[in-house]
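Architecture at a glance
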Amino acid sequence: MHSALNLLAQTPPQTLPARQLMAYTLASHILLVPMGVALPFITLLAHYRGLRRDDAVALQLARRWSAVMAVQFAIGIVTGTVLTFEFGLLWPGMMGRWGDVFGLGFGVEAWAFFLEAVLIAIYLYGWRRLDPKVHFWLAVPLPFAALMGAFGIIAANSWMNTPQGFTLDAQGKPVHVTVQQAVFTPMFGPEYWHFVVAMFLTAGYVVAGVYAVGWLRGRRDRYHRLGFTIPFTVAAILSPVQLVVGDAIARAVFHRQPTKFAAMEIVWNTNTHVPEYIFGRLNAGGTISGGLRIPQLDSVLAGFKPSTQVTGLTATPEADRPTPTEATLIHWTFDIMVLLGTALLLLALWYAVVWLRKRDLPQSRWFFRCAGVAGAASLICVECGWITTEVGRQPWIVYQNMRVAQAVTSTRADSVWTMLGVILALYVVLFAAFITVLRKMHHRWRIADEGLARNRPVHPPEIVTPYGPREEAGMATGPSRPAAQDGDPHG
Amino acid sequence: MAEAVAWIMLVVLAAYACAGGTDYGAGFWDLCAGGAERGERPRRLIDHAMEPVWEANNVWLIFLMIIMWTGFPPFFAAVFSAMWLPLALAVLGLVLRGGGFALRKPTRRLAQRRVYGAAFAVSSLLTPFFLGAVIGGIASGRVAPGVTASADAWSNPTSIITGLMTIGATAYLGAVFLTADAHRYQAPDLVDYFRLRAWCSLAALVVLALIGLPITHHDARFLWSRITTGAPLGLVIAGAVVALVTALLLARRALRWCRYTAVASVVLVIAAWGVAQRPYLLPTSLTVSQAAGAHHTLVWLVIVTGIAVVLVGPSLAVLYWLDTRGKLEALADSDTEQEVPPAEPA
């Protein structure tokens, strides 16, 4: 431990920008992940309804959602590639030592992702010419590929939280690696289900939110009704599930990562009858300012009875645990996630009660106002949950085995700061352009739906662009996309 | 087992060089297509050809890195430490490229399309250069475990010539594939357009190789001595012959086969490099067996790869099969903007 303290004292200056860069790029990427994982599923629900009941409105929704998916998936690939590079650019120390212990999860993820990319290409480009049934069934494996990809990523992350499946030799190098143990770590199950449910729930609320806003603006047609009902029902069903799963992961953290749990609940000294604080700030000396104190509750939540002993932060040496500031941060993110999650559950209950009694959507404008912001709320939950798990592990990158400062690149701090600045600017532009494109698509579709399309002025130089395909005066190809040679990667 | 994983890694690298390389080449020709009016038709072909496949092609790069860090952790750490700057620039290029290409399509305004198109095209030039420079640095023995980032690791003669040759190879692949695509789309003028460019890039590659020979003789002695004898030399010669065959096939308009020969020539040269480096991953400081990760992991890596081939292979086959039958076509605005049956009030 003495050597570890020395290392801590020598935290290299590039650690801060490296952490900021990783946090920033991951925080951006994670906003796209719910859509990447769950939008295909939601789209397929609408597609299924469209085929089964010969429902043109549902088919139209599915087509438009896949047009959105096309852009969103491409942006997700870009931000995901950046993260892959960052493992090497920022954390070569971690990958160099532990890559063979926990890297296999990424291997599974990569192949699942390849499958997803191929199937999504078939789905997105199959609308026009494939037989409708064949087109639908070729896309059915998509959600499963997405679940498989999530499996790989969560396996790697949960390994960082509860590393196992190796022994250390005299030089501290991992030997005797057992892959099964390294993939199925104690935190894997709880993290995986919590994450997957969160992704489907978030995608549901985000998509439904778009139509809730339309509904509030008076567009109360069947298109908006269906566009709201399908994703909102998915999210509403999953909301109570997430309550149970979320409670289970909190207790798994209590048992498996007691220091993280102590930070989440700002528990300073190990004790029984520990009170629960809603918000509040942990000071350096262990006192707590502000916040709503509920006696006994933390012990009850952790072990179902007030006499449950909760490990405090002080049980871990100061150099090996999150700082009071970090603890306060993740206490807040954890509380925000729980509160917003509970609010979403109430919204889902509102929906369920009205539906069971009247077989109809709630009439209240307040319901749709809440539904309109539910997407943003669930995205905030995703960010908060991720901050909780990552900051709660500090100062470790591999819990109790490697510090962040030991994993960081040897590249000079100003290089990393520069890269952070460039990526920051690039992502702002990228996401702004992405949102702009989505808004334009939305606008075009609204105009088309309102029957204004025929009256729209045509500006030849703008519409007939020099880039990209044009239907009529194209390359004399006729209507079909002609045959490529078989087996080429560039057909 | 480490040897097997090293071969898988080389295969994935070759797959990325061919699949991704073709897309980079398409971007290169997009850059060179001239003004908005003059470049309209080539650009439209490029868009059409890349659309359904570029995302899947990009995944090969992600595999490559995962195999690197899972199979050979010290190798991965050494490369990313010593080659920090070119790899950082390559990743910036990847962001610009993917973002530019993805956003250009759904954008309507000409000015905006120009910006996205420029981002896509310029980064299609820079990214392969930096990736090639990294390979040049590795091949000339400038990367070793513990070496920190320095300008010499990648701004040396071998790296620069490799970077330029990478651009040349992508331009060559891109032009050959686009020639064949133009044929499929029955655009004879574009067949001639891209065929000429394929020949030019092949000529440029020959010039670069001739310049590269004396340079690498001094700068990358180990690789030079290996690649000028035995099996690697045979592979290089085979690659050159196949490239020549490609040029002849193009001349005879045998466009069915030229993409296979183009891919084969690139694969042969990459194979020559791989064989020449044996048994080193980083000549001459880190061998395959020294860098190999835990045995159990490598076994599982091979198993996972096997399962993946079983799963991904058929779906890739379906993708290409559908594509060959002309079944894949982007959603047009007329599809998403068609009127839905009378809007019933809810």
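Each chain carries its own residue numbering, running from 1 in the direction its sequence is written. Chain A is the first chain written and ligand 1 is the first ligand written, with later ones labelled in order. The predicted origin of the model limits local features to residues at a pLDDT of at least 70 and limits the giving and counting of side-chain atom pairs to 80 or more, whereas totals for whole chains, interfaces and linings rest on all residues. Processing note: side-chain calculations cover all non-hydrogen atoms of the structure and skip hydrogens and water entirely.

**Comments concerning the overall build of chain B**
Put simply, DSSP H or I for four residues or longer makes a helix, DSSP E for two residues or longer makes a strand, and each gets a number counted from the N terminus. Along chain B, the regular secondary structure elements total 14 helices and 2 strands. Each radius of gyration reported is based on C-alpha atoms, and the globular scaling rule is 2.2 Å times the count of residues to the power 0.38. Taking 2.2 N^0.38 as the reference for a compact globule, 346 residues should give roughly 20 Å; the C-alpha atoms of chain B span a radius of gyration of 21 Å, in line with that estimate. For chain B, the spread of C-alpha atoms along the principal axes amounts to about 70 × 50 × 35 Å. The proportion of buried residues among the 346 residues of chain B is 60%. Whether two residues are in contact is decided by their heavy atoms, any of which lying within 4.5 Å being enough. Nonlocal contacts in chain B, meaning residues at least 24 apart in sequence, comprise 79% of its contacts between residues at least 6 apart. All accessible areas in this document rest on Shrake-Rupley with a 1.4 Å probe, and a residue is counted as covered only by the protein chains that are shown. For chain B, the computed accessible surface area is about 12,700 Å², with 71% contributed by carbon and sulfur atoms. The average position of the 24 basic charges and that of the 20 acidic charges among the side chains of chain B differ by 9 Å. In this scheme, a residue with accessible area under 20% of its type's maximum is buried, one over 50% is exposed, and one in between is partly exposed, where area comes from a 1.4 Å probe on protein chains only. By the counting scheme adopted, Arg and Lys are positive, Glu and Asp are negative, and His together with the chain ends is not counted. Throughout, a charge is located at the NZ atom of Lys, the CZ atom of Arg, the CG atom of Asp or the CD atom of Glu.

**Concerning the overall build of chain A**
If you tally the helices and strands in chain A, you get 17 helices and 8 strands. Burial analysis of chain A (491 residues in total) assigns 58% to the buried set. Sequence separation of 24 or more characterises 76% of the internal contacts of chain A that already satisfy a separation of 6 or more.

**A few points about the domain arrangement of chain A**
Residues and elements named next belong to chain A. Here the limits of each domain have been adopted from an automatic or database domain assignment. For chain A, the assigned domains are domain 1 (12-187 + 417-448) and domain 2 (219-256 + 258-392). Inter-centroid distance (C-alpha atoms) of domain 1 to domain 2 is 24 Å. Each side of the interface is counted separately: domain 1 has 25 residues, and domain 2 has 20 residues. Summed over both partners, the accessible surface that disappears when two parts come together, traced with a 1.4 Å probe, is what is meant by buried area. Overall, the association of domain 1 and domain 2 removes approximately 1,900 Å² of surface from exposure, summing both partners, and the carbon and sulfur fraction of that is 70%. Area buried by domain 1 at its contact with domain 2 is led by I30, L61 and M187, which between them contribute 23% of it. Salt-bridge detection follows one rule: a side-chain nitrogen of Lys or Arg within 4 Å of a carboxyl oxygen of Asp or Glu. Across the domain 1-domain 2 interface, the total number found is 2 salt bridges. Identification of polar contacts relies on pairs of N or O atoms within 3.5 Å, with a donor-acceptor requirement for protein atoms, meaning one able to donate a hydrogen and the other able to accept it, and with residues adjacent in sequence counted only if both atoms are side-chain atoms. Linking domain 1 with domain 2 are 5 residue pairs in polar contact (both at pLDDT 80 or more). Taken together, the elements giving at least two residues each to the side of domain 1 that touches domain 2 come down to α2 (15-52), α3 (56-89) and α7 (142-161). Under the convention adopted here, Pro, Cys and the residues Ala, Val, Leu, Ile, Met, Phe, Trp and Tyr are nonpolar, Asp, Glu, Lys and Arg are charged, and Gly plus all remaining residues are polar. Along the lines of polarity and charge, the residues of the side of domain 1 that touches domain 2 split into 16 nonpolar, 4 polar and 5 charged.

**A few points about unusual backbone geometry**
In this model, R278(B) is joined to P279(B) through a cis peptide bond whose omega is -5°. Inspection of the secondary structure assignment puts P279(B) in the loop between α11 (258-277) and β1 (280-282). Of the consecutive residues P283(B) and T284(B), the connecting peptide bond is found in the cis state with omega at -10°. Of note, T284(B) is situated in the loop between β1 and β2 (286-287). Of note, H273(A) is a non-glycine position whose phi angle comes to about 55°, a positive value. As for its placement among the helices and strands, H273(A) is situated in the loop between α11 (258-264) and β3 (276-278).

**As for the nonpolar core**
Residues and elements named next belong to chain A. Nonpolar cores are built from buried Ala, Val, Leu, Ile, Met, Phe, Trp, Tyr and Cys residues. Side-chain atoms within 4.5 Å join them into one set. Among the nonpolar cores identified, the biggest contains 248 residues, and M94 and F228 are the most heavily contacted of them. With 20 residues, the top contributor of residues to this core is α3. The two domains that each donate at least three residues to this core are domain 1 (12-187 + 417-448) and domain 2 (219-256 + 258-392). For F228, the residues in contact, after removing those within four places along its chain, are A208, Y211, A212, Y351, L361, F367, F368 and A371. One finds V253, M264, V310 and L313 within the second-largest nonpolar core, a separate group that totals 26 residues.

**Details of the interface of chain B and chain A**
On the side of chain A, 106 residues touch chain B, which itself brings 111 residues to the contact. Carbon and sulfur atoms supply 67% of the area that chain B and chain A bury against each other, a total of about 10,400 Å² over both sides. On the chain B side of the interface with chain A, the three residues burying the most area are W69(B), W84(B) and E329(B), jointly 8% of the side's total. Taken together, the links from chain B to chain A amount to 0 salt bridges. Scanning the region where chain B abuts chain A turns up 6 residue pairs in polar contact (both at pLDDT 80 or more). Here the side of chain B that touches chain A takes 17 residues from helix α13 (residues 295-324) of chain B, the largest share from any one element. Here the residues of the side of chain B that touches chain A are counted per class, giving 62 nonpolar, 23 polar and 26 charged.

**Examining the confidence of the model for chain B**
Per-residue pLDDT for chain B averages 84, and the proportion of residues at 70 or more is 95%. Scored below 50 in pLDDT, residues 342-346 of chain B shows 9 contacts in the model against residues more than four places distant or in partner chains. How sure the predictor is of each residue is captured by pLDDT, a score from 0 to 100.

**Digging into the environment of V71(A)**
As for its position among the elements, V71(A) is in helix α3. Looking at V71(A), the relative accessible area reads 5%, which means it is buried. For the pair V71(A) and V196(A), spaced 125 residues apart in sequence, the C-alpha to C-alpha distance is 22 Å. Sequence-distant contacts of V71(A), that is, excluding residues within four places in its chain, are made with F434(A), V437(A), M441(A), L103(B) and P106(B).

**Topic: the packing of aromatic side chains**
Residue and element names in this part refer to chain A. Pairing of aromatic rings covers Phe, Tyr and Trp, the last through its six-membered ring, and needs centres within 6.5 Å; plane angles under 30 degrees mean stacked, over 60 mean edge-to-face, and all others mean tilted. The final tally for this structure, using the stated rule, is 49 aromatic pairs over all chains. Ring geometry for F228 versus F367: centroids 6.1 Å apart, planes at 75°, classification edge-to-face. With F228 in helix α10 (residues 222-256) and F367 in helix α14 (residues 365-391), the pair connects residues that are 139 residues apart, well separated along the chain. With a relative accessible area of 1%, F228 lands in the buried category.

**Side note on the packing of α10(A) against helix α13 (residues 324-358) of chain A**
Residues and elements named next belong to chain A. Lines fitted to C-alpha atoms define the axes, with helix axes restricted to the stretch in contact, and inter-axis angles between N-to-C directions lie between 0 and 180 degrees. Between α10 and α13, the shortest axis-to-axis distance is 9 Å and the interhelical angle comes to 135°. In terms of orientation, α10 lies oblique with respect to α13. Taken as a pair, α10 and α13 cross one another with a handedness that is left-handed. Facing F228, T229, F232, T233, A236, S239, P240, L243 and A250 of α10, the residues of α13 in contact are F334, L344, L345, L347, A348 and Y351. Angles are sorted into four bins: roughly parallel if under 35 degrees, roughly antiparallel if over 145, roughly perpendicular if 65 to 115, and oblique for all others. Put simply, a crossing is left-handed when the front helix is turned counterclockwise from the back one by less than a right angle, and right-handed when it is turned clockwise.

**A closer look at the pattern of salt bridges**
Should their charged atoms come close, side chains of opposite charge can pair. Residues and elements named next belong to chain A. Applying the stated criterion across every chain, the model contains 17 salt bridges over all chains. One salt bridge connects E326 with R19, and the closest N-O pair in it is separated by 3.6 Å. With E326 in helix α13 and R19 in helix α2, the pair connects residues that are 307 residues apart, well separated along the chain. A salt bridge links E390 to R393, with the nearest nitrogen and oxygen atoms 2.9 Å apart. By relative accessible area, R393 is classed as buried at 3%. What you see here is one network of salt bridges that share partners, running through R49, D55 and R222.

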